[in-house]
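Report on the structure
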Amino acid sequence: MNYTSEKRELRELLDMVPASCWFRGRSTPVGAETVSLITPDSRACVPGAMFVAVPGTRVDGNMFIPAAVMAGASCVVSEREHPEVTGVPVIVVPSARQFLSLASQAFFDYPARHLQMIGITGTSGKTSTAYLVKRVLEGMGVATVMIGTTGYVMPDGETYPPDALPATTPEAFQLNWYLKTGLERGAVVAIVEVSSFALAYDRVYGMHFDCAVFTNFSEDHLGYHGTLEAYLQAKLTLFRSLEQDTCAVLNADDPAVAVFRSAAHGARVSTYGMRQPSNVHGSEAVSRTGRTELSVSIDGGPPVPLILSIGPVFQAYNALAAIAVAHALRPAADLGPGLRALGKPLYIPGRYERIECGQPFEVIVDYAHTPEEFSALFDAVRATVTGDLLAVFGSVGADDRAKRPLMARIAEQACRWCYVTVEDPRGEDASIAVNDILQGFMTDHVTVIEDRGSAIRAAIAAARPGDAVLILGRGHETVMYYEGRDVALDDRQEARGALEELGFSCTPVAGSER
């Protein structure tokens, strides 16, 4: 995708970033060069590109400077000097990642400074919370731009698909393009899912956030962060960046809430929850057939009934977070229109997405991919069906292997039968994840079918009236990633195809991926 037709003079761009983020004395002289793109990927370089040589975890971007220059890069950014590079300036910086973020913001005239910025982080619930925040604010008449895992939604409703999957927060240049585009189309508020990767890799470094939201914290992505502590510290970065007169919206019921409260020492704290005392407090939450009802009390006021058009019951937490955000940002505004908007139909791709083709059992596609998410989902669905649960799942390659047998154990206890399959192997042999998962089973109530489409068909064929088939791990994703190749595969389409083969009629759903 072409992110800009704009150009900046290199001199101008360097004047727009903080003087401390580059070494003037160690950089080579700058002439009349112009910049039309900023990228850490040499393969994306075109004439006029600024190539930022990031020292990555697996490969060093400095190795690709010759390729970037050959492709037409007008300048190079690196953490070290490169006297061998001639013909283009080399800008030496203390941190390539941080410079990438700051220069990208400057290129687009710092769009975050002209928006109310909401950053949402946590292990689970970021996407659903983003959609619910958007729904509440727009119900109150506030125009938004939303950036997250499932795509980038402009105020006028135009949706750009994610640049690459899985990618919760886009790279800095793309992120700022979406913010600038949203601003130009009338957005007042930006809702951004901020992943641990984005925080660890400085994609939002130096970006001002008016409100940071904490959904929950549990073990995930240890294949990337190495330790649970490193993963936690990445999440806390967002809250430590908060300035005076900003807000932190925290899940009062999560065991890690005190750590996040401490990190947000410069901000006003607002809490939400259902067990512990909180500013936005929910109670009596129940969910049935894709609809959730609960009571909500704000700042100790009388409880009011709230209807969500989505399930399962744990979506109540995400809705409470959304209400807390709206109340924190607009304390004097009438929340009524926003609360009523939560009852209108809402489609969140691949999040508890019910596949309805007239079959006498539930088929649900969900992004759940951690032990905690499995437990919450199985418990929630169990309360809504009269029959048994069947699960189709795998585990993404090059990620935390320790969680795999735990997921198996949880699924085995909750389900009549499990179908273990492949899920985005990436650079890992697909059989490794399958074997890791199998280590967690104590019974033989499991079938291994590595072909994911076939596994989905087998589970649906085995379902009885009143059962629920849960297809887990990929949610909205439409591509399976293998080493060196991508394969088109959408769990939702596979499920519909399986139901149609059984004689059921699947009609397009308004607002769905069709």
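Residues numbered from 1 in each chain as written. Predicted model: local features only at pLDDT ≥ 70, side-chain atom pairs only at ≥ 80, totals over all residues. Heavy atoms only, no water.

A separate point is the state of the cysteines. One pass over the structure, following the stated rule, counts one disulfide. Not engaged in a disulfide, the cysteine Cys415 finds its nearest cysteine sulfur in Cys418; these two sulfurs lie 4.5 Å apart. (Disulfide = S-S within 2.5 Å.)

Our next topic: unusual backbone geometry. Of note, the bond from Gly311 into Pro312 is cis; its omega dihedral lies within 30 degrees of zero at 0°. Take Pro312: it is sitting in the loop between β17 (304-308) and α10 (315-329). The phi torsion at Tyr352 lies on the positive side, around 45°, for a residue other than glycine. Residue position: Tyr352 is located in the loop between α11 (336-341) and β18 (353-354). Phi is positive for Asp424, which is not a glycine, with a value near 45°. (Helix = DSSP H or I, 4+ residues; strand = E, 2+ residues; numbered from the N terminus.)

Attention now goes to the sheet that holds strand β5 (residues 75-78). Pairing is parallel in the open sheet, where four strands are placed in the order β3-β4-β5-β6. A single partner strand is all that each edge strand has here, and the edge strands are β3 (37-39) and β6 (90-92). For this sheet, the mean angle separating the axes of adjacent strands, direction not counted, is 20°. Examined bridge by bridge, strand β4 (residues 49-52) and β5 share three bridges and lie parallel to one another. Paired with Val52 across the two strands is Val77, which belongs to β5. (Pairing = 2+ DSSP bridges. Axes fitted to C-alpha atoms, helices over the stretch in contact; angles between N-to-C directions.)

It is the contact of helix α4 (residues 126-139) with α10, at a shortest axis distance of 8 Å, that shows an interaxial angle of 45°. As the angle between them shows, α4 and α10 are arranged oblique. In terms of crossing hand, the pair formed by α4 and α10 is right-handed. Counted together, Ser128, Thr129, Leu132, Val133, Val136 and Leu137 of α4 and Gln315, Asn318, Ala319, Ala321, Ala322, Val325 and Ala326 of α10 form the full contact between these two elements. The class makeup of the residues in the contact of α4 with α10 is nine nonpolar, four polar and no charged. (Parallel < 35°, antiparallel > 145°, perpendicular 65-115°, else oblique. Left-handed = near helix turned anticlockwise from the far one by under 90°. Contact = heavy atoms within 4.5 Å. Nonpolar A, V, L, I, M, F, W, Y, C, P; charged D, E, K, R; others polar.)

Right, let's get into the nonpolar core. Counting residues in each nonpolar core, the largest one holds 79 residues, and the members touching the most others are Ile38, Met50, Phe99, Leu179 and Phe239. Top element by residues in this core is helix α3 (residues 96-107). It accounts for seven residues. The next biggest cluster of nonpolar side chains, apart from the first, holds 42 residues, and it includes Ile118, Met146, Ile191 and Leu320. (Core = buried A, V, L, I, M, F, W, Y, C linked by side-chain atoms within 4.5 Å. Buried < 20%, exposed > 50% of the residue type's maximum accessible area, 1.4 Å probe, protein only.)

Once that is clear, we can look at the confidence of the model for the chain. With 96% of its residues at a pLDDT of at least 70, the chain reaches an overall mean of 93. Low pLDDT, under 50, characterises residues 510-514; the predicted model gives this stretch 12 contacts beyond four residues in sequence or across chains. (pLDDT = per-residue confidence, 0-100.)

Turning next to the environment of Leu14. The topology assignment puts Leu14 in helix α1 (residues 10-16). Look at Leu14 and you get buried, because its relative accessible area is 5%. C-alpha separation for the pair Leu14 and Gly311, spaced 297 residues apart in sequence, amounts to 49 Å. Apart from the residues lying within four places of it in its own chain, the contact partners of Leu14 are Trp22, Val30, Ile91 and Phe99.

Position of Phe108 among the secondary structure elements: in the loop between α3 and β7 (116-121). A relative accessible area of 1% means that Phe108 is categorised as buried. For Phe108 and Lys180, which are 72 residues apart along the polypeptide, the C-alpha to C-alpha distance reads 6.5 Å.

Along its 12 residues, α3 runs 16 Å from first to last C-alpha, staying within 8% of the 16 Å computed at 1.5 Å per residue. Burial analysis of α3 places 10 of its 12 residues in the buried class, the great majority of the element. Among all positions of α3, only Ala96, Phe99, Leu100, Ser101, Leu102, Ala103, Ser104, Gln105, Ala106 and Phe107 are buried. Of the residues one or two after α3, Asp109 is the one with positive phi, at around 60°. (Expected span 1.5 Å × (residues − 1).)

On the surface, Val59, Met63 and Phe64 cluster together into a nonpolar patch covering about 300 Å² of accessible area. Along the chain, Val59 turns up in the loop between β4 and α2 (65-70). Residue Val59 is classed as partly exposed on the basis of its relative accessible area of 49%. (Patch = residues over 30% accessible without salt bridge, like charges linked within 9 Å, V, L, I, M, F, W, Y side chains within 5 Å. Areas by Shrake-Rupley, 256 points an atom, 1.4 Å probe, with all protein chains shown as cover. Salt bridge = Lys/Arg side-chain N within 4 Å of Asp/Glu carboxyl O.)

In a regular helix each residue adds 1.5 Å, so 13 residues correspond to 18 Å; helix α8 (residues 228-240) covers 18 Å between its end C-alpha atoms and thus fits that length. Burial in α8 covers these residues: Tyr231, Leu232, Ala234, Lys235, Leu236, Leu238 and Phe239.

In total, this model carries two cavities of 30 Å³ or more according to the counting rule given. Estimated volume of the largest cavity: approximately 60 Å³. Along the wall of the largest cavity there are 14 residues; nearest its centre are Ser395, Val422, Glu423, Ala430 and Ala433. Looking at the lining of the largest cavity, its residues break down into six nonpolar, four polar and four charged. The volume enclosed by the second largest cavity comes to roughly 30 Å³. Surrounding the second largest cavity, Thr127, Ala130, Tyr131, Met146, Ile147, Gly148, Thr149, Thr150, Gly151 and Glu193 form its lining. Elements supplying a minimum of two residues to the lining of the second largest cavity: α4 and β8 (144-148). (1 Å grid on protein atoms, 1.4 Å probe; cavity = no way out; pocket = protein on both sides within 12 Å on 5 of 7 lines; lining within 4 Å. Points joined across faces, edges and corners; volume = space filled by probe spheres on them.)

Turning our eyes to something else, we now look at the pattern of salt bridges. Under the definition given, this model contains 26 salt bridges. One salt bridge in this structure joins Glu138 and Lys134, with 3.1 Å as the shortest N-O distance. Remark: Lys134 and Glu138 occur in helix α4; sequence separation between them is four residues, near one turn of the helix. Where Arg474 meets Asp491, a salt bridge forms, and the shortest distance between an N and an O atom there is 3.1 Å. You can see Arg474 sitting in the loop between β23 (468-472) and β24 (479-482) and its partner Asp491 sitting in helix α16 (residues 491-501), a full 17 residues away along the chain.

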